[in-house]
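Below, each chain spelled out in residue letters.
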Amino acid sequence: MLSDVSVIERARDWLAQDPDPDTRRELEALIDANDLEGLSSRFAGPLGFGTAGLRGLMGAGPNRMNRVNVIKTTHALCRWVDARVENAKDRGICIARDARHKSDVFVNDAIEVALGAGFRIYVYSKPVPTPLLAFALRDLGAAAGVMITASHNPPEYNGYKVFWENGAQIIPPNDEGIASRIDGAPRVDEVPRTAVSEAKESGQLVSMDRCARKYVTVVAEATCKTESRRTIQVAHTALHGVAYPLFRFLMSRTGFCKVATVREQARPDPTFPTIAFPNPEETGAMDRVIELASRIDARLALANDPDGDRLAVAARHGDHFVQLSGNELGILLADDLLSRSEGEGTALVVSTVVSSPMLGRIAEARGARWEQTLTGHKWIQNRALDLEQEGFRYVFGYEEALGYAGHRAIRDKDGVSAAMLIVDLASRLEAEGRTLIDALEALFNEHGYHDDRQISRWYEGASAQDDMDRALAALRANPPRSIGGREVRATHDFLRRVRTTEGGEVTDSSFAESNLLRFDLGDGHAAMIRPSGTEPKVKYYLYANAPRGTELAEARRLTQESLERMSRDLGIGRA
């Protein structure tokens, strides 16, 4: 706990080096008002370098997203990359941004600091979806990448996402190495910088706009390998983000021209005026695009999140739309891609430990390898890259939080190419007189019905992180013996890296440390709990399934009853 004197001293020291007039005014007002609570929330600790970088509320102080943190983090990144990647300065760093508040300012700071450190810098001329940054990094052979984005967080957030030379988001030891150098960074007014105008003249600053066109070519060629009737009508929303131009270009390039958009949500707007929360997972986020799809008799309603790396889908089935869960969309795409995949080596699909185990059954039936990782595409892609070195052929990776990756050229989740994949699949099904729901039910009939429920418990205030940590600590100290009427057969504590059964506790080092608890209940039933890495909430993942051969209506009834009992026992109610 900071003393009153120390927090004011730290605030004044920060103020002396802060180049942003907005955060300077914010901090001056807090100091003048002697607002110790407001100051403490900003100076109690640094903004955690997690989820492949920084993400948080914008504002003054080390515990907020601001220019000081961007400058110091970029300085630290450059030092680490230069020491770890061969020929890093000549290979360069790709730097891009979305259209959030201050993304333009933050990206300019990152560019000038990296230029000042001697790196060649590649930039897009406009705000772009995150997948374009991931694609360009590999296409150009750059040493690292930085994306200024807060993805699906509320408008008052921003972030700084880091990619490594392999095109994937950073994992240990690179995230730890960069974080360790942030504290040792000099004051921002002492960090060397090179002006953008000067770098353009010297050739040190290079456009990567051509990569957007190449991305469309690569995705189009990989997606539409079969001729299908391409008259399917699609409705799309970008949720005030940056995905629509790229999505529209890709659809046109592949011959899918019947695309309608929610016009009031098509252009970037960092205030997100028409939605309460710019996350397509949230209830109500797809209301406008589903209404549009219903009005124009579209087959699909699609929603990308603000930086275009996530995708939500609602499919017409009869006279109504059914919104697919992240797991349902994941298994549809996985099965379709596996059915069409060709090449040397055993096919590989990867999902996270909190995603549906049904992918394992699909992989087995298709003769593929199924791998599980911790949550996040940084783990999915880095594990896939390792297995490719062993001779496996990566086909698809997904996590239930609407993140899908179906192209080896893009080593991150990509909501735009995923939209293309699902439109192509729906088009081929329509030519057969079938829908995505028909295809999903066929998979359930073949592999057994799997159901899931995700519920979030939100926390507020400066103590939110501590409160979430205490909630998980309480479960560790007193784990449930049964959930939903089923005995807990095994408890997997990913933070302590131990698995506990009737036979006792054994070390399990299969995964890196993570604040996740998993309770296995037998017969494919499980409950998992973890704090979100990007939002102040604890997420509960519940899974149930029915035996193969169970009639679908009965299977749904049985799994819904199981999920209801599990929810009640955990005290979290319905989603």
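Residues numbered from 1 in each chain as written. Predicted model: local features only at pLDDT ≥ 70, side-chain atom pairs only at ≥ 80, totals over all residues. Heavy atoms only, no water.

What follows concerns the environment of Val68. Relative to the helices and strands, Val68 resides in helix H4 (residues 67-84). Residue Val68 is classed as buried on the basis of its relative accessible area, which comes to 0%. For the pair Val68 and Phe106, spaced 38 residues apart in sequence, the C-alpha separation works out to 9.5 Å. Val68 has contacts with Trp14, Gln17, Asp18, Pro19 and Val188, leaving out every residue within four places of it along the chain. (Helix = DSSP H or I, 4+ residues; strand = E, 2+ residues; numbered from the N terminus. Buried < 20%, exposed > 50% of the residue type's maximum accessible area, 1.4 Å probe, protein only. Contact = heavy atoms within 4.5 Å.)

Moving on, we get to the pattern of salt bridges. Side-chain pairing between opposite charges can occur once the charged atoms of the two side chains come close. Tallying each qualifying case throughout the model produces 43 salt bridges. Among the salt bridges present, the one from Arg24 reaches Glu28, with a minimum N-O distance of 3.9 Å. Here Arg24 pairs with Glu28, and both are found in helix H2 (residues 21-32), just four residues apart, close to one helical turn. For Arg316, the salt bridge is made with Asp297, and the minimal N-O distance between the two is 3.6 Å. Of this pair, Arg316 sits in strand E10 (residues 311-317) while Asp297 sits in the loop between helix H13 (287-295) and strand E9 (300-304), and the two are 19 residues apart along the sequence. For Arg316, a relative accessible area of 10% corresponds to the buried category. Connected via shared salt-bridge partners are Asp20, Asp22, Arg25 and Lys102. (Salt bridge = Lys/Arg side-chain N within 4 Å of Asp/Glu carboxyl O.)

By the definition in use, this model includes zero disulfides. There is no disulfide at Cys78, and the cysteine sulfur nearest it, in Cys94, is 13 Å away. Overall, Cys78 belongs to the buried group, its relative accessible area being 4%. (Disulfide = S-S within 2.5 Å.)

So, about the packing of aromatic side chains. For the structure shown, the criterion picks out eight aromatic pairs. Ring centres of Phe396 and Tyr398 lie 6.2 Å apart, and the angle between their planes is 20 degrees; on these two criteria the pair is classed as stacked. Considered together, Phe396 and Tyr398 belong to a single accessibility category, that of buried residues. Residues Phe396 and Tyr404 carry aromatic rings whose centres are separated by 6.5 Å and whose planes lie at 10 degrees to one another, so their mutual orientation is stacked. Neither Phe396 nor Tyr404 differs from the other in exposure class; each is buried. Aromatic rings pair up to connect Phe396, Tyr398 and Tyr404 into one cluster. Positioned above the aromatic ring of Tyr394 is the side chain of Arg411, whose terminal nitrogen or guanidinium carbon lies 5.0 Å from the ring centre. (Phe/Tyr/Trp six-rings, centres within 6.5 Å; stacked < 30°, edge-to-face > 60°. Lys NZ or Arg CZ within 6 Å of the ring centre and 35° of its normal.)

Spanning 14 residues, helix H19 (residues 464-477) covers 20 Å between terminal C-alpha atoms, matching the ideal 20 Å at 1.5 Å per step. Buried within H19 we find Ala464, Met468, Leu472 and Leu475. Each buried residue of H19 sits inside an arc of 70 degrees when the element is viewed along its axis, so together they form one side. Away from its buried face, by an angle of more than 90 degrees, H19 presents the exposed residues Arg470 and Ala477. For H19, the elements touching its buried residues are strand E22 (517-522), strand E23 (525-531) and strand E24 (537-545). (Expected span 1.5 Å × (residues − 1). Arc of directions from axis to C-beta.)

As a further point, take the pairing of strand E14 (residues 393-399). Of all the seven residues making up E14, seven are buried; the element is thus mostly covered by neighbouring parts of the structure. Where E14 and strand E15 (residues 403-405) come together, three bridges link them in antiparallel fashion. Within E15, the position partnered with Glu399 by the bridge is Gly403. Hairpin connection, E14 to E15: the antiparallel pair is bridged by three residues, and Leu402 has positive phi, about 65 degrees. (Pairing = 2+ DSSP bridges.)

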